Amino acid sequence: MAAANQDLDRQCINTIRTLSMDAIQKANSGHPGAPMGLAPTAHVLWSRFLKHNPKNPAWIDRDRFVLSGGHASMLLYSLLYLNGYGLTLEDLKNFRQWDSKTPGHPEYGHTAGVETTTGPLGQGIANAVGMAMAERHMAARFNKSDAQLINHFTYVMCGDGDLMEGVAMEAVSLAGHLGLGRLILLYDDNSISIEGKTDITFTEDVKAKFEAMNWHVVAVADGNDTEAIANAIEAGKAETDKPTMIKVSTHIAYGSPNKQDSAGAHGSPLGAEEIRLVKAFYGVPEDKDFYVPDEVLTACRGAIEIGAEKEQVWQEVFNGYRKAYPELADAFVDAISGFLTAGWDKDIPQFKVGDDAVATRAASGKVLNAIANNLPVLMGGSADLAPSNKTYLDAFDVFQKGAYGGRNIRFGVREHAMASIMSGMYLHSGVRPYGGTFLVFADYLRPAVRVASLMKLPLIYVFTHDSVAVGEDGPTHQPVEHLASLRTIPGLQVIRPADARETAEAWIKALTTDDAPTALLLSRQKLPILDRTGCDGDLRYGAYILKDVEGDNPIDLILIASGSEVHICVEAAEKLAEKNINVRVISMPSWELFEKASAPYRERILPSDVKKRMAVEAGITMGWERYVGDAGKVMGINRFGASAPGGKVLAELGFTADNIVENALELVKE
């Protein structure tokens, strides 16, 4: 820990505060209160503890810093500017403006030094738990007694609002269970939320709550006491068996004579006159906006040289490691670079026509296990549904406290945290996470899927029990609107395979995608392996001709389906052929992939001059009009399901070949 210079500390802290106030005032938008209260804690962490290299924000052994309360973004931007991450004063002056490097909430991939996109409260805490889990796994996999490649901490800063969110508590519970001793949470305990004092909604004993969840808790009574803050962080780092929560009592909008400790300072600029009064209280020039004393910039920019030196020391360790453990070193490079290990797909099972029918969830489990044996970075689990989701890796151990080398993660019944943790694990780098649950529970984790898609993270969500064919569990467990709902998330690849062969191809597509998450929607019921003889195209393009009309006969009707309804459409097409109706059957496992295909390909699959089209899918009909057009029809489910055997539910709701034939004949005759 660097020696303290109290006067310089005070200047640095007040510079963080005034930069934040001025940027928010200039934008006439933002949240000044939290940066003003948290500046001492942030400065102590960044100046004395945080291991980082501003010139290489991607250095693998850096400490991670997550600002879970992303509304306090000017705190982070001020730190990034002062520490030399490439932001300029002009960038701070463009806070919250179009195309600026300083958006209203921090965005991963947009601003150097931002570890994750935050703003939806609580998710940043779960992201940090994921980072800490990845750190422990990488350390267990690669560290040697004579060479520590992974030796860093994860720090997450949060507020009262974060701790009210369910996702935070899910993640905190799991982190305590796992004993993530290199995770330190800095809690801004200012007792204020948007609506007023937190005691209107939030009165539990936070310290006791965290201790009950196996966390080490340290309290700092005065959020301006830099030495107490430093001692608390030291105590957190010294505790290796539990994660640490440091409860820092702060004043929102500290120094504001009229707004300190008030909800009014949370999400509104202070105003020019109030800022003048605050600056007078801080003892900084009242008439200078974006004022940065030379000594402050010099001190903070010292992080550049210190960081470069620390990375160089690490590089020397790695150079020795490469000589001593060349195969592990190559695997380490592959892991942190995101490379797919050579031969990762060589054992994927080949499913053939004539094989027994198999549920796509079961096929997925076989494919997943075959890939995992050759792709060491692949790890994940399920929200307490691994036997049903088929997401357990049979050849590998469980990731648990004291056994962090395991690749099976027991997330517990914590869907939202699972998805946010997956994001954090990937953002750390070195692992490729997947996570599973029933499709009907996609609603529980949707907010994390949305943010992962915003960040373009290639995560894999395994959603099984994908339709009313779930059966006896009834409408509470039978998804109908969820497929359409997932399709509305920009950037998310939704793939609903029709059989085991498409399932294998879906996993290949998911793992070879590096700029988007993928949702795999898989059946509970067994499905036949489809005959692709003479088919045109494949799953990579989102849709393909599975069964076409014979010879040069004109196409009377196009049937389009996804997932478990495809084989029923094939059966219906055969029955329609007996009635001299020429039918093309399209398997369309992914709208998103089809939309990315070339225009000529899309025209070949769905010729614009064929107007008679019918889509068949066991979900709500919304959206299919784009493919069937004004002259087409959609067979779907615009109601909830019912409790009965799955086949009976499907039949009662019209998903039989005979009903498809009946509807098709009506359409063709129109």
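Residues numbered from 1 in each chain as written. Predicted model: local features only at pLDDT ≥ 70, side-chain atom pairs only at ≥ 80, totals over all residues. Heavy atoms only, no water.

Participant: Kindly report on the overall build of the protein, identifying the contributing residues and their values.
Facilitator: Of regular secondary structure, the protein possesses 24 helices and 21 strands. Relative to the 2.2 N^0.38 estimate, which gives 26 Å for 670 residues, the radius of gyration of the protein is 28 Å and therefore close to what a compact globule would have. Overall, the protein is about 90 × 60 × 45 Å in size when its C-alpha atoms are taken along their principal axes. Across the 670 residues that make up the protein, the buried fraction comes to 59%. Long-range pairs, those at least 24 residues apart, make up 77% of the contacts in the protein with a sequence separation of at least 6. (Helix = DSSP H or I, 4+ residues; strand = E, 2+ residues; numbered from the N terminus. Rg over C-alpha atoms; globule rule 2.2 N^0.38 Å. Buried < 20%, exposed > 50% of the residue type's maximum accessible area, 1.4 Å probe, protein only. Contact = heavy atoms within 4.5 Å.)

Participant: Explain the UniProt feature "binding site: Mg(2+)" (unreviewed entry) in the protein to me, and be specific about the residues and the numbers.
Facilitator: As recorded in UniProt, the sites labelled "binding site: Mg(2+)" (unreviewed entry) are Asp-160, Asn-190 and Ile-192. A maximum C-alpha distance of 7.5 Å places the annotated residues, which cover 33 residues in sequence, within one compact spot. Note that Asn-190 resides in the loop between strand S3 (183–189) and strand S4 (192–193). In contact with Asn-190, not counting residues within four places along its chain, are Asp-160, Thr-250 and Ile-252. (UniProt positions renumbered as here; feature names shortened; annotations may be inferred.)

Participant: Account for helix H7 (residues 166–178), with residues named and values stated.
Facilitator: The terminal C-alpha atoms of H7, which comprises 13 residues, lie 19 Å apart, in line with the 18 Å expected from a rise of 1.5 Å per residue. Residues of H7 that are buried include every one of Val-167, Ala-168, Met-169, Ala-171, Val-172, Leu-174, Ala-175, Gly-176 and Leu-178, and no others. Immediately downstream of H7, the backbone of Gly-179 shows phi near 65 degrees, a positive value. (Expected span 1.5 Å × (residues − 1).)

Participant: Residue-level account of the packing of aromatic side chains, with values.
Facilitator: For any two aromatic rings, the description comes down to two numbers: the centre-to-centre distance and the angle of the planes. Under the definition given, this model contains 23 aromatic pairs. Measuring from centroid to centroid gives 6.4 Å for Tyr-434 and Trp-507, while their planes differ by 80 degrees, and the two rings are edge-to-face. Linking Tyr-434 in strand S12 (residues 432–438) with Trp-507 in helix H18 (residues 500–511), this pair joins segments that are 73 residues apart in sequence. Between Trp-591 and Trp-624 the ring centres are 5.0 Å apart and the planes differ by 85 degrees, which places this aromatic pair in the edge-to-face class. (Phe/Tyr/Trp six-rings, centres within 6.5 Å; stacked < 30°, edge-to-face > 60°.)

Participant: I'd like a rundown of the sheet that holds strand S2 (residues 154–159), residues and numbers included.
Facilitator: Read from one edge of the open sheet, five strands run S1-S2-S3-S7-S6, paired in parallel fashion. The two strands at the open ends of the sheet, each matched to only one other strand, are strand S1 (64–67) and strand S6 (216–220). Strand-to-strand twist in this sheet, taken as the mean axis angle between neighbours without regard to direction, amounts to 20 degrees. Where S2 lies against S3, six bridges are found, and the strand directions are parallel. If you follow Cys-158 over to S3, its bridge partner there is Tyr-187. (Pairing = 2+ DSSP bridges. Axes fitted to C-alpha atoms, helices over the stretch in contact; angles between N-to-C directions.)

Participant: Describe the environment of Phe-594, listing the residues and the values that go with them.
Facilitator: Its place among the elements puts Phe-594 in helix H20 (residues 591–596). Owing to a relative accessible area of 2%, Phe-594 belongs among the buried residues under this scheme. Counting along the chain gives 11 residues from Phe-594 to Ile-605, while the straight-line C-alpha distance between them is 9.9 Å.

Participant: How would you sum up empty space enclosed by the protein? Please name residues and give values.
Facilitator: Under the criterion given, the structure shown has three cavities of 30 Å³ or more. In this model, the largest cavity occupies a volume close to 90 Å³. Every residue lining the largest cavity is listed: Trp-46, Leu-50, His-52, Pro-57, Arg-62, Asp-63, Phe-65, Tyr-85, Gly-113 and Glu-115. Looking at the lining of the largest cavity, its residues break down into five nonpolar, two polar and three charged. Roughly 50 Å³ of internal volume is contained in the second largest cavity. Surrounding the second largest cavity, Leu-439, Asp-466, Pro-479, Val-480, Leu-483, Arg-496, Leu-521, Ala-618 and Gly-619 form its lining. Tallied by class, the residues present in the lining of the second largest cavity amount to six nonpolar, one polar and two charged. (1 Å grid on protein atoms, 1.4 Å probe; cavity = no way out; pocket = protein on both sides within 12 Å on 5 of 7 lines; lining within 4 Å. Points joined across faces, edges and corners; volume = space filled by probe spheres on them. Nonpolar A, V, L, I, M, F, W, Y, C, P; charged D, E, K, R; others polar.)

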